[in-house]
Each structure stands twice: as C-alpha cells, then as structure tokens.
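Fold and contact review
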Amino acid sequence: MRQKTELEITLQAVATGEARSSGMEGTEARTAKTKVESQAALGPLMEVIVERDNLRKALAHVKRNKGAAGIDGMSLDALAPHLKEHWPAIRAQLLEGTYKPQPVRRVEIPKASGGTRSLGIPTVLDRFIQQAVLQVLQAEWDPTFSEHSFGFRPKRSAHQAVARAQELIASGHDIVVDLDLEKFFDRVNHDILMGLVAKRVADKRVLKLIRGFLTAGVLMDGLVGPTEEGTPQGGPLSPLLSNLMLDVLDKELERRGHHFVRYADDCNVYVRSRRAGERAMASIERFLTKRLKLKVNKAKSAVARPVKRKFLGFSFTKGKQPRRRIAPQSRTRFRSRVRELTRRTRGRSLAQIIKELSVYLIGWRGYFGFCETPSVLRELDQWIRPNAFFTSPGLATVTVPNAV
C-alpha cells in the first residue's frame, strides 16, 4: 500500500467526543483590538491544526517544496514512514502543549546584492508542523492584512507589487522613500511579535508552540546556540510572522495617509516632493525604532527619484507614463551568473551546462519578462549567444515578451 494511504490511516481526525482544553481564552486575546478576529481564533485552535485534512495538505506541501534535512538528518522521503510510526505520540504532545521543536540548522547563502544571508533549516518534522500551523493561521490572519502588502500572501505576487508602484509613480508620486530594514529577519523582537500573536490567538498551546519555534536555538559549527531574537528564514511560519510584525507598520502608514507598497521587508513610500520624502523617512524611522525596535539601514535607504532606485529587481523609466525596466543591478547579476554557469573550468559537460543554463534562463525570463523595455531583452539575448558558446539558435534565447 502506498505511503500516502498508510499515512491517511495514521493521521486520524480528532474524535467527536474529545475533551477540549479549558482556559484557552487568555486575557490577552479577550482584550485584543484586532479589527477582524474570527470565532475560531478565540477558541481551541490546536484541534483545528491537527485535523486530518489540514495535515494531509501540510504533508503534500512540504514534500512538494523539497528542501534539505535539518539537524537530525531526516530526509523528506523518511518523513511519511516516521509519521506513520510516531504520529499518535507527536499529536498527543501537540494537544497537551508539550511538543518541543528542535534547533534549526544554520546555513549561509550568497545574497544577490553581495554578502550572505542566514537561513535556519528546521527538521522536516518541524517543517511539517509549521506548515500545518501556517495553513490555519494564514486563513484567519491574511484577510486582516493591508491591501498594500504583497509579499508571501495567497494570490499576491512581486509583479503585482511592482505594478502598484508603477501606478503610484504615474499618479504624480514620483519621489520614493526607499526603506531598507537592517537584518530584519534576524532582529525581530520575540516579545513584541508574541504580543501581536496573542492578540489573535487565544489557545495557549499554540502560543507556546510558536514561541518554541522562535527560541528553538540554532546549530552552527557543531554547537547549539540560543535564538533570543529574529524569525529565521527557512521555516514555513517565518513569512507569516514577519507579515504580522510589519502589518503594524502598514497600519501606521495607512493612518497617516501614505501611498506605499510593501513586499516582505522591502517597503517603498511614494510622495510628491523630496521635502515630504525626507519628513516621511525621519518619522517612519522613529516609529520603527520606538514601536517595533527595528532599525533602518541608512546606508541602503534613500529618498530619490524612482529611476535611481530598484524595487524587487525592477526600476522605472522617466516621464509621466513610467515603464517597468530591469534594474541595472539585476542586469549585472544576470551577466555574472551566466558567466559563472558557462565557465569551462567548472568540470561540467556541455550537456550539463546547457541544462543548468536553460533552467536559469527560463526562471529569469519568467520573472523579468514583466519588464516593458524589450530592447534590453534583445540586447541580453545577443550577448548570451557568443558568451555561452551556443551555435544552435534558440538554445539560450531570452524572448521579447508580449505587451503586459
């Protein structure tokens, strides 16, 4: 019998007569001022998280996303058999509020803009549980988030964020306050974040579990260290918790009447004059420091014309009807990556190089094909062929997109 079928037998739904934990409606949740709070969030939530259909969706999602093993070395292929054998005990721990997440495995990956970014890789079991929690909480929280937030939300995308920025510039808001939050994911204050979670979740078991994920610790160089702040990138819950934290900023910007677009920790505010931009930058910086204990990276933040800044890899042309263009930094990184992939000293066969390059080009074209400057794509297409030593037309082509 297939593992999926076996797992469905194991991940039993909560029995109808199962006793629900009393006292789950904490004082913090009763006094919450969140605009939209569902009745489900005010009652026991862990039973909803461990419901069979939710778990099946979580398992399918984690397997589809693939990913490396955590500190215990368990692979994704081993997760289903592990759950088949151990799920009753794990489920009991979750319902009793005694489940303890394992530390994450720290890895450093290169950033497109230079330097490295720290990722915290949870074990596959913790990823599965985080995903199950995410599915329930996101359904409750997402409708309450700002319409100006586009990152890591259902049915929202980076392209929509860029298009919205373009609309704001075309409407005469042609000065951008480009805010860069310094190491945002590493600096999130746990107490502030958990206070925000507690306004929306009354189930103390869920609150304890989320804090457990935040403070599980990190394995690096063979030693486990504490995590006293931050929400490590690498787990399914991290983007949702980050959006919850920055929704406080969104609501403040809305209250002030600002025109803005936010994608995760990348936030651009659009104003009509440089003077207004400087005032906005100063006041927003004070708000972030005082309310959320977050720091603006002054070296990477600026008040400028949109043509001089990049947003999610794009920039914009001058004029009353700005067009989306590929930012110069993105074109530079593209050329560097192509050179790296086609370097003959990498020890790859021509077939391997073609395969790797094709995967990169298809993904790159899928994203940056959203630009409205086809001449740049033609230029890059002409540059690729001799540099990638292709003789067959079309192997490395970057096709000109249809009008968007």
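Since the model is a prediction, treat every value here as computed from it, not as a measurement.

The number of helices and strands found in the protein chain is 16 helices and 10 strands. Going through the 404 residues of the protein chain one by one, you find that 48% of them count as buried. Taking the contacts inside the protein chain whose residues are at least 6 apart along the sequence as the reference set, 73% of them involve residues at least 24 apart. Split by element, the accessible area of the protein chain, about 20,400 Å² in all, is 51% carbon and sulfur.

This part takes up the side chain of Asn 297. Structurally, Asn 297 is set in the loop between α13 (274–292) and β8 (302–304). Under the relative-accessibility criterion, Asn 297 is labelled buried at 14%. Look past the residues within four positions of Asn 297 in its chain and what remains in contact with it is Asp 180 and Glu 182.

Our focus in this paragraph is the sheet that holds β8. Read across the open sheet, the 4 strands follow the order β6-β7-β3-β8; overall the sheet is antiparallel. Only two strands of the sheet have a single partner each, and these edge strands are β6 (259–263) and β8. Across the sheet, the mean angle from the axis of one strand to that of its neighbour is 15°, orientation sign disregarded. Where strand β3 (residues 175–180) lies against β8, 3 bridges are found, and the strand directions are antiparallel. Within the sheet, the bridge partner assigned to Val 177 lies in β8 and is Val 303. Against the sheet, helix α8 (residues 158–170) engages β6 and β7 (266–271), with an angle of about 165° to β6. Across the sheet, helix α12 (residues 238–255) is in contact with β6 and β7; its angle to β6 comes to roughly 175°.

Pairs of packed helices are described in terms of their axes, by the angle between the two and the distance that separates them. α13 packs onto α12 with a crossing angle of 140° between their chain directions and a minimal axis gap of 11 Å. The angle between α12 and α13 places the two elements in the oblique class. Crossing of α12 over α13 shows right-handed handedness. Within the contact between the two elements, α12 uses Met 245, Val 248, Leu 249, Glu 252 and Leu 253 and α13 uses Ile 284, Phe 287, Leu 288, Arg 291 and Leu 292.

It is worth spelling out the nonpolar core at this point. Counting 70 residues, the largest nonpolar core has Leu 79, Leu 94, Phe 128, Ile 129, Trp 141, Val 197 and Val 269 as the members making the most contacts within it. Beyond its immediate chain neighbours, meaning those up to four positions away, Phe 128 contacts Leu 55, Ala 58, Leu 59, Val 62, Leu 79, Leu 83 and Trp 87. Of all hydrophobic cores here, the second largest spans 31 residues; its members include Tyr 263, Tyr 270, Leu 312 and Cys 371.

The subject of this paragraph is empty space enclosed by the protein. Per the counting criterion, the structure on display carries 4 cavities of 30 Å³ or more. The computed volume of the largest cavity comes to approximately 150 Å³. Surrounding the largest cavity, 16 residues form its lining, Gln 130, Phe 213, Leu 214, Pro 232 and Gly 235 being those nearest its centre. Elements represented by at least two residues in the lining of the largest cavity include exactly α7 (124–141), α11 (204–214) and α12.

Here we take up α7. The terminal C-alpha atoms of α7, which comprises 18 residues, lie 25 Å apart, in line with the 26 Å expected from a rise of 1.5 Å per residue. Most of α7 is tucked away, with 15 of its 18 residues classed as buried.

A contiguous patch of negative charge, built from Glu 108, Asp 186, Glu 228 and Glu 229, is present on the exposed surface. With respect to the secondary-structure elements, Glu 108 resides in strand β1 (residues 104–110).

Moving on: the pairing of β6. Summarising burial for β6: 4 of the 5 residues are buried, a large majority. Of the pairings in the sheet, the one linking β6 to β7 comprises 5 bridges and is antiparallel in character. Residue pairing in the sheet places Val 261 in a bridge with Asn 268 of β7. As consecutive antiparallel partners, β6 and β7 are separated by 2 residues, and within that stretch Ala 264 has a phi angle of approximately 55°, a positive value.

This next bit is on the packing of helix α5 (residues 52–65) against α7. Two numbers describe how α5 lies on α7: the axes approach to 8 Å, and their chain directions differ by 120°. One way to sum up the angle between α5 and α7 is to call them oblique. In this structure, α5 meets α7 at a crossing whose hand is right-handed. Across the interface between the two elements, Asn 54, Leu 55, Lys 57, Ala 58, Leu 59, His 61 and Val 62 of α5 pack against Arg 127, Phe 128, Gln 131, Ala 132, Gln 135 and Val 136 of α7. The class makeup of the residues in the contact of α5 with α7 is 7 nonpolar, 4 polar and 2 charged.

This part is about the confidence of the model for the protein chain. This prediction gives the protein chain a mean pLDDT of 85; 83% of its residues lie at or above 70. Contacts for the low-pLDDT stretch residues 12–40, under 50 throughout, to residues beyond four places or in other chains number 44 contacts.

Cut-off values and rules
Numbering of residues starts from 1 in every chain and runs along the sequence as written. Side-chain atom pairs in this predicted model are given and counted only at pLDDT of 80 or more, local residue features only at pLDDT of at least 70, and totals for whole chains, interfaces and linings cover all residues. Note: side-chain values were computed over all heavy atoms of the structure, leaving out hydrogens and water. Numbering goes from the N terminus for both helices and strands, where a helix is a DSSP run of H or I of at least four residues and a strand is a run of E of at least two. Partly exposed describes any residue whose relative accessible area lies between the buried limit of under 20% and the exposed limit of over 50%, with all areas from a 1.4 Å probe on protein chains only and scaled to the type maximum. Residues are treated as being in contact if the distance between any of their heavy atoms lies within 4.5 Å. To measure how exposed things are, a 1.4 Å probe is used in the Shrake-Rupley method; for residues, cover is taken only from the protein chains shown. Two strands are said to pair when DSSP picks up at least two bridges between them. Lines are fitted to the C-alpha atoms to define the axes, a helix being fitted only along its stretch in contact, and any angle between axes, read from their N-to-C directions, falls within 0 to 180 degrees. Orientation categories follow fixed angle ranges, with anything under 35 degrees roughly parallel, anything over 145 roughly antiparallel, 65 to 115 roughly perpendicular, and all other angles oblique. A clockwise turn of the near helix away from the far one marks a right-handed crossing, whereas an anticlockwise turn of less than a right angle marks a left-handed crossing. Each nonpolar core is a collection of buried residues, namely Ala, Val, Leu, Ile, Met, Phe, Trp, Tyr and Cys, held together in the definition by side-chain atoms within 4.5 Å. In this analysis, the protein atoms alone were mapped onto a 1 Å grid. Cavities are point sets where a 1.4 Å probe fits without being able to get out; pockets are open sets with protein on both sides within 12 Å along at least five of seven lines; lining residues have an atom within 4 Å of a point. Grid points are joined across faces, edges and corners, and a volume is the space filled by probe spheres set on the points. How far a helix is expected to stretch is found by multiplying one less than its residue total by 1.5 Å. In this scheme, patches are assembled from residues that exceed 30% relative accessible area and form no salt bridge. Like charges are connected within 9 Å, while nonpolar side chains (Val, Leu, Ile, Met, Phe, Trp, Tyr) are connected within 5 Å. Throughout this description, the term salt bridge denotes a Lys or Arg side-chain nitrogen within 4 Å of a carboxyl oxygen of Asp or Glu. Within this scheme the basic residues Lys and Arg register as positive and the acidic residues Asp and Glu register as negative, but His and the chain ends are omitted. Each charge is placed at NZ for Lys, CZ for Arg, CG for Asp and CD for Glu. We call Asp, Glu, Lys and Arg charged. Ala, Val, Leu, Ile, Met, Phe, Trp, Tyr, Cys and Pro are nonpolar, and the rest, Gly among them, are polar. What pLDDT conveys is the predictor's confidence in a given residue, as a value from 0 to 100.

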